[in-house]
Amino acid sequence: MIFLQLLINALSLGSFYALVAFGFALIFGVTHAFNLAHGELILLGGYLAYFLVKYWQLPFIWTLPVCMLGLTMAAVLLQKLLQQVQPPYELNTLVVTFGLALVLQNVMLILFSANYRLIPSVELPFELTKFALNITEAQVMDIVVSLVATISLHLLLRKTFLGKALRATIQNREAAKLVGIHVRRMSLIAFLLGGALIGLAGPLYARTAYLQPAGGTEPTLIAIVITIFAGVGRTRGILLGGWVLGVAESLSVYLLGSGWRELVSAVLLILLLILQPQGLLPQRARWLG
Amino acid sequence: MQVADEVQTPRYYETAPAGFSMTMRPLPASTFLYAAAVILLITWPFWGGSEGIYCRVMAMAFFYGALAYAWNLYSLTGCISLGHAAFFGLGAYGSGLASHYLGISPYWTVWIGGFLGALYGILWSVLFRKLRGARLGLATLASVEIPKVIVDNWDSFTFGSLGLVGIASLPGLNFAGLTVAFKDNFRTQYYLLLCTLTAIGMIHWLFIQSRWGWAARAVREEETAASMLGVNVAWTRGCALALSAFLTGVCGGVYAHLIGLIEPSMVFSLHISALPLVLSIFGGRYQTLGPVLGALILYPLDQLVFRSIFPVGHAFLYGLVIITTLIFFPNGVAGWLQQRVKIS
């Protein structure tokens, strides 16, 4: 039974990781901007949810739309900032958002202090005594929200005209321009959607892991790992990548101890980069799915 | 002004008698500026009087200037590293643990720290030889985590997350009967770090002047063309990284022995990775004096002005600086100054 329990933990963790990665993958796919401040934006969303729950006694579920709205606005500001960046675009956005991550970390340190915070679960965990399983409300929520996000993003990208235009921009910017797609507007839309997805991940982060101003690097690395693993614009691949990473981390915690967990995403990222040095962007047919 | 002078001088000397020496030309004004700056820095500890803070802040500015020079050696080959904290931390732990377990003098152990850093640097250049630009930056960012987690978890050897406490401080030196002690003496530490900065700055300057430095810049500008001209790209880059990692490791060792206490989260931090990058890019990473200029301007500004306003989180200054520098003047302060002088 312990393996079933482990599997459930791993799947909920993996669903949460997929949720963390969606915003990054969308923004990176459409605009080629490496957003190293991604984790810090998620933390900002988490802090917003934390204070909404603590001081306004808002039910947790209502913090999701508020955070999505707030982070969408933050993402538009980020897009305006990154528009000013000079070429080489990828490298310079990497360095600029590295600076932005430093700014956000320290601003959060000034505003919220270095204390560890967590939105406590109100409900007790379900106990399926027959199977000796323990499932918390946060775990169910992670799985449900990330499934809903995956399905709606998938439908948006595959079934609507806007999704087609977004996918065309991801595949080839020049060709997309040639057929009359407004690439700049697409990048604005990518930042809007990405911001909403970051806002969705924030409150769940505050519930799954402890909020701490310096904790943003880890979600950033996780988002990058999953994006490289799945390839951009492949929604189901991202969910799968999240699950794989969740299982890998749970296994390493189970076998080695919790101290080694941080190593997993870093080593996976380095391995993926070494094995796919030519790029993360779609070049072959299998990326197009 | 200067440029105009130089354009006119040849005409001037054409009529001069043979054997007229060029040394008669007046020295440019910038020489006096440099001399004044050097004298000011050398005599600085005696201006502050009994107040140690100015002395200490300037000493740390030299230290980070030295780190920025070491970082810039690699950046001259066109690579932006976001992970120099790995070398720094390995140097600090290598040196601290060597002096803890083996009991040898810190003057020897800092080199052990440097070699550890260089080994990790060589590993980087072997593993990341195909990565460029943003992908290389990501790989370097992730590779800080590996030594950090290992040091954090190897409790029996590295003391884990509790950190290494009570590291031997640098013993005093004897010069002809005169003893120079470094422990708790900010003036001598100031001169030690000034010497470190000068040494690493000289290495940086020699690198830029040398054939190797020209090869490195050729690789930075256009890799394919450089290799067509017979530059061994991987070798040039790898050696620059090894040297850069070695010097960063030595700085880490010096830091461990000066502070006397290191923790994994302190020496493998994002802050240590970011600072040399910010200082170099702000100062101007293509200029000889860029990194030190960045360190001497930004670090005192951060510690003396921003720290008094924001006791915690004052480091957001560095983030703001890097964003504005990259967007508005990507060649840094030194590059900007040079352009201004040329135009006027």
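Values in this document were obtained by computation on a predicted structure and should not be read as measured data.

So, how was this worked out
Residues numbered from 1 in each chain as written. Chains lettered and ligands numbered in written order. Predicted model: local features only at pLDDT ≥ 70, side-chain atom pairs only at ≥ 80, totals over all residues. Heavy atoms only, no water. Helix = DSSP H or I, 4+ residues; strand = E, 2+ residues; numbered from the N terminus. Buried < 20%, exposed > 50% of the residue type's maximum accessible area, 1.4 Å probe, protein only. Contact = heavy atoms within 4.5 Å. Areas by Shrake-Rupley, 256 points an atom, 1.4 Å probe, with all protein chains shown as cover. Core = buried A, V, L, I, M, F, W, Y, C linked by side-chain atoms within 4.5 Å. Polar contact = N/O pair within 3.5 Å; in protein donor to acceptor, adjacent residues only side chain to side chain. Expected span 1.5 Å × (residues − 1).

Draft legend 1. Up close: the overall build of chain B. The helix and strand tally for chain B stands at 17 helices and 4 strands. A buried classification covers 50% of the 344 residues belonging to chain B. For chain B, restricting intrachain contacts to residue pairs at least 6 apart in sequence, the fraction spanning at least 24 positions comes to 75%. Carbon and sulfur atoms provide 69% of the accessible area of chain B, an area that totals close to 16900 Å².

Draft legend 2. How the structure looks around the nonpolar core. With 165 residues, the main nonpolar core has B:Phe63, B:Leu277 and B:Tyr318 as its most contacted residues. B:Tyr318 has contacts with A:Leu102, B:His271, B:Leu275, B:Val278, B:Leu279, B:Leu298, B:Tyr299 and B:Asp302, leaving out every residue within four places of it along the chain. Among the nonpolar cores identified, the runner-up in size contains 11 residues, and A:Ala165, A:Leu166, A:Ile170 and A:Ile181 belong to it.

Draft legend 3. Representation of the side chain of A:Thr97 in the model. All names here are of chain A. Turning to its location among the elements, threonine 97 is positioned in helix 4 (residues 89-112). A polar contact is formed between the side chain of threonine 97 and the backbone oxygen of threonine 93, at a distance of 2.7 Å. Apart from residues no more than four positions distant in its own chain, threonine 97 is found in contact with Phe34, Asn35, Leu36, Ala37 and Leu82.

Draft legend 4. Fine view of helix 12 (residues 233-259) of chain B. Residue and element names in this part refer to chain B. Between its first and last C-alpha atoms helix 12 spans 39 Å; for 27 residues at 1.5 Å apiece the expected length is 39 Å, and the two agree. Taking burial as the measure, the 27 residues of helix 12 include 21 buried ones, the bulk of the element. In the stretch just after helix 12, glycine 260 is the one whose phi turns positive, near 85 degrees.

Draft legend 5. Layout of the environment of B:Val231. Residues and elements named next belong to chain B. Position of valine 231 among the secondary structure elements: in the loop between helix 11 (223-228) and helix 12. Residues valine 231 and alanine 215 lie 16 residues apart in sequence; the distance between their C-alpha atoms is 6.3 Å. Those residues in contact with valine 231 that lie beyond four places of it in its chain are Ala215, Val219, Ala226 and Thr236.

Draft legend 6. View of unusual backbone geometry. Residue and element names in this part refer to chain A. In the Ramachandran plot, histidine 32 falls in the positive-phi region, its phi being about 65 degrees despite a non-glycine side chain. Turning to its location among the elements, histidine 32 is positioned in the loop between helix 1 (2-31) and helix 2 (38-55). At glutamine 57, a position not held by glycine, the phi torsion is positive, near 50 degrees. Mapping glutamine 57 onto the fold places it in the loop between helix 2 and helix 3 (60-83). Of the residues examined, glutamine 57 reaches a relative accessible area of 60% and is grouped as exposed.

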